[in-house]
Amino acid sequence: MTSKETSPGPDREPGGPEYGFPAALWRRLARARPPGPFRPEVWRSPIRGPWLTSVFGAVLLVTLPIVVVTGLLSYAAYGPHLGQAIPADVGWLRLPYFDWPTRPSWLYRLTQGLHVGLGLVLIPVVLAKLWSVVPKLFAWPPVRSMAQVLERVSLLLLVGGLLFEIVTGVLNIQYDYLFGFSFYTAHFYGGWVFIGAFVVHVALKLPHMIRGLRSRSLRTELRTGRAGTTPEPPDEHGLVAPEPAAPTVSRRGALAMVGGGSLLIAVLTAGQTLGGATRHAALLLPRGRDSGDGPNDFPVNRTATAAGIDPAATGADWALEILGGTTPLSLNRDRLTAMAQRSAELPIACVEGWSTTQVWTGVPLRELARLAGVPAPASARVLSLESAGAFNQALLQGNQVLDPDSLLALRVNGAELSMDHGYPARIIVPAMPGVHNTKWVRSIEFRVG
Ligand SMILES: Nc1nc2c(c(=O)[nH]1)N[C@H]1C(S)=C(S)[C@@H](COP(=O)(O)O)O[C@H]1N2
Ligand SMILES: [Mo]
């Protein structure tokens, strides 16, 4: 049952007007099958088939939704209701607004660590899944029916959307601001293209996947070596090779290779969030390996030099402006250090997936709000000494100002903040995306509306 004539694969002659195309045209097209990958017999792997495709599919069915949901949560955490998520206006794609919570303090560390970490770890599985179905890309004739055209367009959006998200995501964590377009906008809309196509794909393929999984026993496959590896029976989808070659690897070996690839990426990545000694294994950690000495030795996203901070502006003349009350206040460092200090162990969790947890000490933001005469602010606008750049200001939600551990930090791990970590003062708020923890703070405006 493996010869080309008897295979009920994509080779089968359907033809005829019931396919939505004139029969003569269809037959002429079918006869003009181009050489190379368009010939089913060039695809010879004996392990390709519905079962293997279904195994990869099942892994992605369970895990990709986690990447999607944590990605959308990241958008929500940026505060779209304060107008500071990118893109700001997403029309009918707008999800319900809510205040991103401050507890547990590791919330964004977890969600964004999962988004980036799982996204990276799944790359080998995505590639394996694509490999397992690649003969279908070269189905001939390329269009047979309206239903098939729709299916192929949805696959184009699915695969294109997924690869686009992987490429933009990886480039963004490896190289800052490489794009001529906004990474966030592209990644956001690309994500929705993928979500739509993924839902359609799952609806169409779920029954096939379940049948595929049931067609063989995973336990048996994991016990079968190369010598015992035989092709799956010919399938209606044309995945199984009509003329399979002798096996060079078992299904067990193929699964181990893909799993090993994922594991390797996990090892090279996890340290960027776990920290400690594992950080040295984080070879994919994009930045911050030389970040300072002693208590300040933890990753730096952008150094004071790169941000163009003039050391003179952070000297004895520096004073924090507090706005929004009836009279503006100006508090120099002596005034701030004379106030009651509070310490909190809090993470900085960057959108790029890395995170680091340190002990910060400073003045609670809610004390500053009280001092300003705005004890229950709806939001607070923080400005940095940094004059340009997208990260030189942030809007904090009311609950982020009022959490007792939200600080204007003056010290870290018992030492003065280093210039690179935001001296003379920086914001640190539990569970807030790293980017809003503004460094080199110049002013805070507490707002009631
Ligand atoms: N003024 C200013 N604040 C900033 C940034 C910046 O570029 N400029 N980077 C932000 C980002 S993206 C992150 S992840 C954190 C990193 O803080 P760290 O460098 O102390 O680790 O600072 C945030 N605060
Ligand atoms: Mo960041």
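For every chain, the first residue of the written sequence is number 1, and numbering continues from 1 along that sequence. Ligands are numbered from 1 and chains lettered from A, in the order in which they are written. With pLDDT at 70 or above as the cut-off, local features in this predicted model cover only qualifying residues; side-chain atom pairs require 80 or more to be listed or tallied, and sums for whole chains, interfaces and linings still use all residues. Side-chain numbers here rest on the full set of heavy atoms in the structure, without hydrogens or water.

Attention now moves to the overall build of the chain. Only runs of H or I of at least four residues qualify as helices and only runs of E of at least two qualify as strands under DSSP, and these elements are numbered from the N terminus. A tally of helices and strands in the chain yields eleven helices and ten strands. Based on the C-alpha atoms only, the size of the chain along its principal axes is roughly 90 × 45 × 35 Å. Each residue gets one of three labels from its accessible area relative to the maximum for its type: buried under 20%, exposed over 50%, partly exposed in between, using a 1.4 Å probe on protein chains only. Counting over 449 residues, the chain shows a buried share of 47%. Every residue pair with non-hydrogen atoms within 4.5 Å of one another is taken to be in contact. Taking contacts inside the chain between residues at least 6 apart in sequence as the whole, the part at least 24 apart equals 71%. Computed with a 1.4 Å probe, the accessible areas rest on the Shrake-Rupley method; for each residue, only the protein chains presented here act as cover. Summing over all exposed atoms, the chain offers an accessible surface of approximately 21300 Å²; the carbon and sulfur share of this is 64%. Residues counted as positive are Lys and Arg, residues counted as negative are Asp and Glu, and His and the chain ends are not counted. Throughout, a charge is located at the NZ atom of Lys, the CZ atom of Arg, the CG atom of Asp or the CD atom of Glu. Of the charged side chains in the chain, 40 are positive and 31 negative, and the gap between their average positions amounts to 10 Å.

Every buried residue of helix 1 (residues 23–31) is listed here: A23, W26 and A30. Within helix 1, the buried residues cover an arc of 65° as seen down the axis, which keeps them to one side. Exposed side chains of helix 1 directed beyond 90 degrees from the buried face belong to A24, L25, R28 and R31. Taken from the helix axis, the directions to the C-beta atoms give the arc we talk about.

Take a nonpolar patch on the surface next. Two joining distances apply to patches: 9 Å for like charges and 5 Å for nonpolar side chains (Val, Leu, Ile, Met, Phe, Trp, Tyr), and every residue must have over 30% relative accessible area and no salt bridge. We define a salt bridge as a contact between a side-chain nitrogen of Lys or Arg and a carboxyl oxygen of Asp or Glu at a distance within 4 Å. A surface patch of nonpolar side chains, amounting to about 360 Å² of accessible area, comprises I66, W106, L110 and L114. Within the fold, I66 resides in helix 2 (residues 50–77).

What follows is about the site of ligand 1. The local shell around ligand 1 holds 18 residues, among which P299, E386, H421, R426 and K439 are the closest. Any pair of N or O atoms that falls within 3.5 Å is considered a polar contact. Within protein, one atom must be able to donate a hydrogen and the other to accept it, and sequence-neighbouring residues count only if both atoms are side-chain atoms. One of the backbone nitrogen or oxygen atoms of P299 is found 2.6 Å away from an oxygen atom of ligand 1. Between ligand 1 and R426, the relevant distance is 2.5 Å, taken from an oxygen atom to a side-chain nitrogen or oxygen of the residue. Compared with its free state, where it exposes 530 Å², ligand 1 has 99% of that area covered by protein. In this classification, Asp, Glu, Lys and Arg are treated as charged, Ala, Val, Leu, Ile, Met, Phe, Trp, Tyr, Cys and Pro as nonpolar, and every other residue, Gly included, as polar. Looking at side-chain class alone, the shell around ligand 1 contains eight nonpolar, six polar and four charged residues. Throughout this document, a residue counts as near a molecule or strand when at least one of its heavy atoms sits within 4 Å of that molecule or strand.

Attention shifts here to the UniProt feature "domain: Oxidoreductase molybdopterin-binding" (unreviewed entry) in the chain. UniProt positions are given in the numbering used here, feature names are shortened, and annotations may be inferred rather than shown by experiment. In the numbering adopted here, UniProt assigns the feature "domain: Oxidoreductase molybdopterin-binding" (unreviewed entry) to residues 314–446. Annotated as 14% helix and 41% strand, the span residues 314–446 places its first and last C-alpha atoms 22 Å apart.

With that out of the way, let us pick up the sheet that holds strand 10 (residues 441–447). The strand order 2-1-10-5-6 describes an open sheet built from five strands, whose pairing is mixed. Each of the sheet's edge strands pairs with one partner strand only, and the pair in question is strand 2 (329–332) and strand 6 (393–397). Going from strand to strand, the sheet's axes swing by 20° on average, the running direction of each strand aside. Pairing between two strands is assigned when DSSP locates at least 2 bridges connecting them. Here strand 5 (residues 379–384) pairs with strand 10 via six bridges, running antiparallel. Paired with L383 across the two strands is S443, which belongs to strand 10. Lines fitted to C-alpha atoms define the axes, with helix axes restricted to the stretch in contact, and inter-axis angles between N-to-C directions lie between 0 and 180 degrees. Packed onto the sheet, helix 10 (residues 365–372) meets strand 1 (319–323), strand 2, strand 6 and strand 10 and runs at close to 65° relative to strand 10.

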